[in-house]
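# Chain and residue survey
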Amino acid sequence: MNKLLTGKTAMITGAGRGIGKQIALTFAQHGADLIVTDLKETESSIELMKEIENLGVKGLFLAYDVSKLDQTEAAVKQAMEAFGKIDVLVNNAGITRDTLLMRMTETDWDMVMNVNVKSIFNHTKAIQSIMLKQRFGSIINMGSIVGITGNAGQINYSASKAAIIGLSKSVARELGSRNIRCNVIAPGFIETEMTHVLPQEVKDAYMKTISLRRTGKPTDIANTAVFLASDLSDYMTGQVLVCDGGM
Ligand code: NAP
């Protein structure tokens, strides 16, 4: 395989399972050293770190809450002590608290905004001085197709994913002159634990809207992330790459 990330160090949030885990694995297959982060260590993240080690790259696992700035700063400090640089940041951690507006609580709103959006503020703020000194960086933020289209039952989630687009385009403008890129991936329906819990009729309704007539796999998003992390995309910033099978 032609390795696209050899020599790069990447930090990926919410990578103990789902899309983030697959991004970590695919990055490792492409030769990147990895800082894998998640809320807590689990069997799944322990297995991931073993797989990373078996692929012959360096890995560090850090458990913390991405919505807390102090915890994020401490994690970035630990990562720098271990690796001395961070070339790629993938802000992947995200949650849903789906319900109709009439039933949505203030907590549902605040939790989703804090984990999905504030976490990206936290990590970009904590890492920007490192990337500025390096004169290099690729920041990849995980949006969603519903941040563009909206979705009934997801006003908190779709607002958070729309906010990520504005945030990312602004970061791209602010840091571009120092060779720091910032792009968004907007996945459609990807098979993970996040979508596993949806009722079958909701899944069936989604399927009818997908041109390619299949749900996405975490590898579909991981391959898009490899492209954005690698030098193949080094003239792209402030963009939203939709990866949704043509929804
Ligand atoms: P997932 O399987 O639920 O994984 C999300 C990960 O984020 C979990 O490991 C979770 O940890 C972690 N996390 C949650 N809150 C956290 C916090 N406060 N601090 C640190 N880590 C935290 O979700 P996924 O489907 O892989 O989704 C990954 C990203 O893609 C999300 O941003 C999501 O919005 C986006 N996305 C997914 C889809 C889809 O169809 N699956 C579509 C569009 C966009 P725990 O295991 O401890 O909860």
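In what follows, the accompanying structure is described. (Residues numbered from 1 in each chain as written. Predicted model: local features only at pLDDT ≥ 70, side-chain atom pairs only at ≥ 80, totals over all residues. Heavy atoms only, no water.)

### Comments concerning the overall build of the protein chain
Helices and strands together make up the secondary structure of the protein chain, namely 9 helices and 7 strands. Counting only C-alpha atoms and orienting by the principal axes, one finds that the protein chain spans roughly 50 × 35 × 35 Å. Per-residue burial over the protein chain gives 49% buried out of 247 residues. Restricting the contact set of the protein chain to residue pairs at least 6 apart, pairs at least 24 apart contribute 75%. As presented, the protein chain carries roughly 11800 Å² of accessible surface, and 53% of it is formed by carbon and sulfur atoms. Charged side chains in the protein chain number 26 positive and 25 negative. The centres of these two groups are separated by 5 Å. (Helix = DSSP H or I, 4+ residues; strand = E, 2+ residues; numbered from the N terminus. Buried < 20%, exposed > 50% of the residue type's maximum accessible area, 1.4 Å probe, protein only. Contact = heavy atoms within 4.5 Å. Areas by Shrake-Rupley, 256 points an atom, 1.4 Å probe, with all protein chains shown as cover. Lys, Arg positive; Asp, Glu negative; His and termini not counted. Charge placed at Lys NZ, Arg CZ, Asp CG, Glu CD.)

### Describing the pattern of salt bridges
If you walk through the whole model with that rule in mind, you get 6 salt bridges. Where lysine 8 meets aspartate 231, a salt bridge forms, and the shortest distance between an N and an O atom there is 3.1 Å. Highlighted residues: lysine 8 in the segment before strand E1 (9-12) and aspartate 231 in the loop between helix H9 (218-229) and strand E7 (240-243), separated in sequence by 223 residues. Residue class for lysine 8 comes out buried when judged on its relative accessible area of 11%. Residue class for aspartate 231 comes out partly exposed when judged on its relative accessible area of 42%. Put simply, glutamate 193 and arginine 17 hold a salt bridge, and the shortest N to O gap is 3.3 Å. Remark: arginine 17 occurs in the loop between E1 and helix H1 (18-29) and glutamate 193 occurs in helix H7 (residues 193-196); sequence separation between them is 176 residues. On the basis of relative accessible area, arginine 17 is assigned to the partly exposed category, the value being 46%. (Salt bridge = Lys/Arg side-chain N within 4 Å of Asp/Glu carboxyl O.)

### Some details on the packing of helix H3 (residues 69-83) against helix H4 (residues 106-134)
Here H3 crosses H4 at 40°, and the two axes come no closer than 9 Å. Seen along the crossing, H3 lies across H4 with a hand that is right-handed. Along the contact surface, H3 presents Leu69, Thr72, Glu73, Val76 and Met80, while H4 presents Lys118, Asn122, His123, Ala126, Ile127 and Ile130. Per-class residue counts for the contact of H3 with H4 are 6 nonpolar, 3 polar and 2 charged. (Axes fitted to C-alpha atoms, helices over the stretch in contact; angles between N-to-C directions. Left-handed = near helix turned anticlockwise from the far one by under 90°. Nonpolar A, V, L, I, M, F, W, Y, C, P; charged D, E, K, R; others polar.)

### Looking at the nonpolar core
If you look at the biggest cluster of nonpolar residues, it comprises 32 residues, and the most contacted ones within it are Ile12, Ile23, Phe27, Leu34, Val36 and Ile52. Elements that contribute at least two residues to this core include exactly E1, H1, strand E2 (33-38), helix H2 (43-54), strand E4 (88-91), strand E5 (137-142), H9 and E7. In this structure, Ile35, Ala93, Ile127 and Met131 belong to the second largest nonpolar core, which totals 28 residues. (Core = buried A, V, L, I, M, F, W, Y, C linked by side-chain atoms within 4.5 Å.)

### Regarding the site of the ligand
Close to the ligand lie 27 residues, the nearest being Arg17, Asp38, Asn92, Tyr157 and Thr192. For the ligand, an oxygen atom lies 2.8 Å from a polar atom in the backbone of isoleucine 19. Side-chain polar atom of aspartate 65 to a nitrogen atom of the ligand: 2.9 Å apart, as the coordinates give it. Protein coverage of the free-state accessible area of the ligand, which is 890 Å², stands at 93%. The set of elements that each furnish at least two residues to the shell around the ligand consists of H1, helix H6 (155-175) and H7. A per-class count over the shell around the ligand returns 13 nonpolar, 9 polar and 5 charged. (Near = heavy atom within 4 Å. Polar contact = N/O pair within 3.5 Å; in protein donor to acceptor, adjacent residues only side chain to side chain.)

### Quick word on H3
Taking 1.5 Å per residue as the helical rise, H3 with its 15 residues ought to reach 21 Å, and the 21 Å between its terminal C-alpha atoms agrees with that figure. If you follow the buried residues of H3, they end up packed against E1, E2, strand E3 (59-63) and H4. One or two positions beyond H3, positive phi appears at glycine 84, with a value near 75°. (Expected span 1.5 Å × (residues − 1).)

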